[in-house]
Amino acid sequence: KAGVTQTPRYLIKTRGQQVTLSCSPISGHRSVSWYQQTPGQGLQFLFEYFSETQRNKGNFPGRFSGRQFSNSRSEMNVSTLELGDSALYLCASSLAKTGTGELFFGEGSRLTVL
Amino acid sequence: EDQVTQSPEALRLQEGESSSLNCSYTVSGLRGLFWYRQDPGKGPEFLFTLYSAGEEKEKERLKATLTKKESFLHITAPKPEDSATYLCAVLRETSGSRLTFGEGTQLTVNP
């Protein structure tokens, strides 16, 4: 059974640009969450989606947005990139509709902003 | 605001030398406490869920316990392949699947 797939794995952008990251959950999983991981802040929650609906949003500025498609695949977008957006962006999926901490993480998309 | 503090930040052990990692938490209405393992360049891998004080879970050389204020991850006779960062996270009753993570303990087990 394939795990959570994230693309691209690595990318380099410059300040002011925008980026779109993609996540394909485990087959059958309809919940997708996104986390940002940095050395200083650790793992911080970005969004949670189920059946194309955003169920939860973390404390990030409006430059961070996401969506989920009918096939449960998800994308997140960061506009007007800042140096501080450099991080590992992790996607996780779960079987449960919500209310579970048993998440299956992908290997992440490492974003570097220059 | 939910808070999770892990200690120590880093731990070096010799193979076979047992030890414990600590996770202290403050959360209003705990739904569950979760332990994850993260290897370099990989996403976190789920290990355990603990729901109530007094609960214990075991998996191979790892044993997780929970009190009302903290959780411990006991590692018995560790092997070099146990080297990883161990992350603790809490889930509040009312927060869907939004986890609050600690910063982790980086464990190195030397042969």
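### Here we look at the overall build of chain A
Along the backbone of chain A there are zero helices and 11 strands. At 13 Å, chain A has a C-alpha radius of gyration in line with the 13 Å of a compact globule built from 114 residues. C-alpha atoms of chain A, sized along the principal axes, occupy 35 × 25 × 25 Å. With 114 residues in all, chain A has 51% of them scored as buried. In chain A, the proportion of contacts linking residues at least 24 apart, taken out of those at least 6 apart, comes to 54%. Accessible area for chain A stands at about 5300 Å²; split by element, carbon and sulfur atoms hold 48% of it.

### A closer look at the packing of aromatic side chains
On inspection of all chains with the given rule, the structure shows nine aromatic pairs over all chains. Ring centres 5.7 Å apart and planes at 85° place the aromatic pair phenylalanine 105 of chain A and tyrosine 36 of chain B in the edge-to-face group. Note that phenylalanine 105 of chain A is positioned in strand 10 (residues 104-105) and tyrosine 36 of chain B in strand 4 (residues 30-38), a pairing that runs across two chains. Across this residue pair, the class does not change: phenylalanine 105 of chain A and tyrosine 36 of chain B are buried. Measuring from ring centre to ring centre gives 5.8 Å for tyrosine 36 of chain B and phenylalanine 46 of chain B, while their planes differ by 70°; the resulting arrangement is edge-to-face. Here the residue tyrosine 36 of chain B occupies a position in strand 4, and phenylalanine 46 of chain B occupies one in strand 5 (residues 45-50), the gap between them amounting to 10 residues. Judged by its relative accessible area of 0%, tyrosine 36 of chain B is buried. Residue phenylalanine 46 of chain B is classed as partly exposed on the basis of its relative accessible area of 23%. A network of ring pairs unites the aromatic residues Tyr35, Phe45 and Phe105 of chain A together with Tyr36, Phe46 and Phe101 of chain B as a single cluster.

### Looking at the sheet that holds strand 3 (residues 19-26) of chain B
All names here are of chain B. Strand order in the open sheet made by the five strands is 1-3-8-7-6, with antiparallel pairing throughout. Unpaired on one side and paired on the other, strand 1 (3-7) and strand 6 (56-59) mark the two borders of the sheet. Here the strands of the sheet are splayed against their neighbours by 15° on average, with no regard to which way each runs. Bridging between strand 7 (residues 62-66) and strand 8 (residues 70-75) involves five bridges; their strand directions are antiparallel. By the bridge assignment for strand 8, leucine 66 is matched with serine 71.

### So, the pattern of salt bridges
One pass over the structure, following the stated rule, counts 12 salt bridges over all chains. For the salt bridge of arginine 92 of chain B with aspartate 2 of chain B, the shortest nitrogen-to-oxygen distance reads 2.8 Å. Taken together, the residues arginine 92 of chain B in strand 9 (residues 84-92) and aspartate 2 of chain B in the segment before strand 1 connect sequence positions 90 residues apart. Here arginine 92 of chain B falls in the partly exposed class, since its relative accessible area comes to 25%. Shared partners join several salt bridges into a network, and the residues in it are Arg9 and Glu107 of chain A together with Lys42 of chain B.

### A closer look at the sheet that holds strand 7 (residues 64-68) of chain A
Adjacent strands of a sheet form backbone hydrogen bonds with each other and so pair up, either parallel or antiparallel. All names here are of chain A. As summarised here, the arrangement of the four strands in space is 1-3-8-7, forming an open sheet in which the pairing is antiparallel. A single partner strand is all that each edge strand has here, and the edge strands are strand 1 (5-7) and strand 7. Strand-to-strand twist of the sheet, defined as the mean angle between neighbouring strand axes without regard to direction, takes the value 15°. Pairing geometry for strand 3 (residues 19-24) and strand 8 (residues 74-78), over five bridges, is antiparallel. Within strand 8, the position partnered with cysteine 23 by the bridge is serine 74.

### Comments concerning the nonpolar core
The tendency in soluble globular proteins is for nonpolar side chains to be buried as a group. All names here are of chain B. Formed by 23 residues in total, the largest nonpolar core has its most connected members in Leu33, Trp35, Leu73 and Tyr86. Listing elements by their share of this core, those giving two or more residues are strand 2 (10-14), strand 3, strand 4, strand 5, strand 7, strand 8, strand 9 and strand 11 (105-110). Here this core gets four residues from one element, more than from any other, and that element is strand 9.

### Here's the deal with the side chain of glutamine 6 of chain B
Residue and element names in this part refer to chain B. Among the structural elements, glutamine 6 can be located in strand 1. On the accessibility criterion, glutamine 6 (9% relative accessible area) is buried. Engagement of the side chain of glutamine 6 in a polar contact is seen with the backbone nitrogen of cysteine 88, the distance being 2.9 Å. Separated by 3.0 Å, the side chain of glutamine 6 and the backbone nitrogen of glycine 104 make a polar contact. Setting aside residues no more than four positions away along its own chain, glutamine 6 makes contact with Asn22, Cys23, Trp35, Tyr86, Leu87, Cys88, Gly102, Glu103, Gly104 and Thr105.

What counts, and at which threshold
- Residues numbered from 1 in each chain as written.
- Chains lettered and ligands numbered in written order.
- Predicted model: local features only at pLDDT ≥ 70, side-chain atom pairs only at ≥ 80, totals over all residues.
- Heavy atoms only, no water.
- Helix = DSSP H or I, 4+ residues; strand = E, 2+ residues; numbered from the N terminus.
- Rg over C-alpha atoms; globule rule 2.2 N^0.38 Å.
- Buried < 20%, exposed > 50% of the residue type's maximum accessible area, 1.4 Å probe, protein only.
- Contact = heavy atoms within 4.5 Å.
- Areas by Shrake-Rupley, 256 points an atom, 1.4 Å probe, with all protein chains shown as cover.
- Phe/Tyr/Trp six-rings, centres within 6.5 Å; stacked < 30°, edge-to-face > 60°.
- Pairing = 2+ DSSP bridges.
- Axes fitted to C-alpha atoms, helices over the stretch in contact; angles between N-to-C directions.
- Salt bridge = Lys/Arg side-chain N within 4 Å of Asp/Glu carboxyl O.
- Core = buried A, V, L, I, M, F, W, Y, C linked by side-chain atoms within 4.5 Å.
- Polar contact = N/O pair within 3.5 Å; in protein donor to acceptor, adjacent residues only side chain to side chain.

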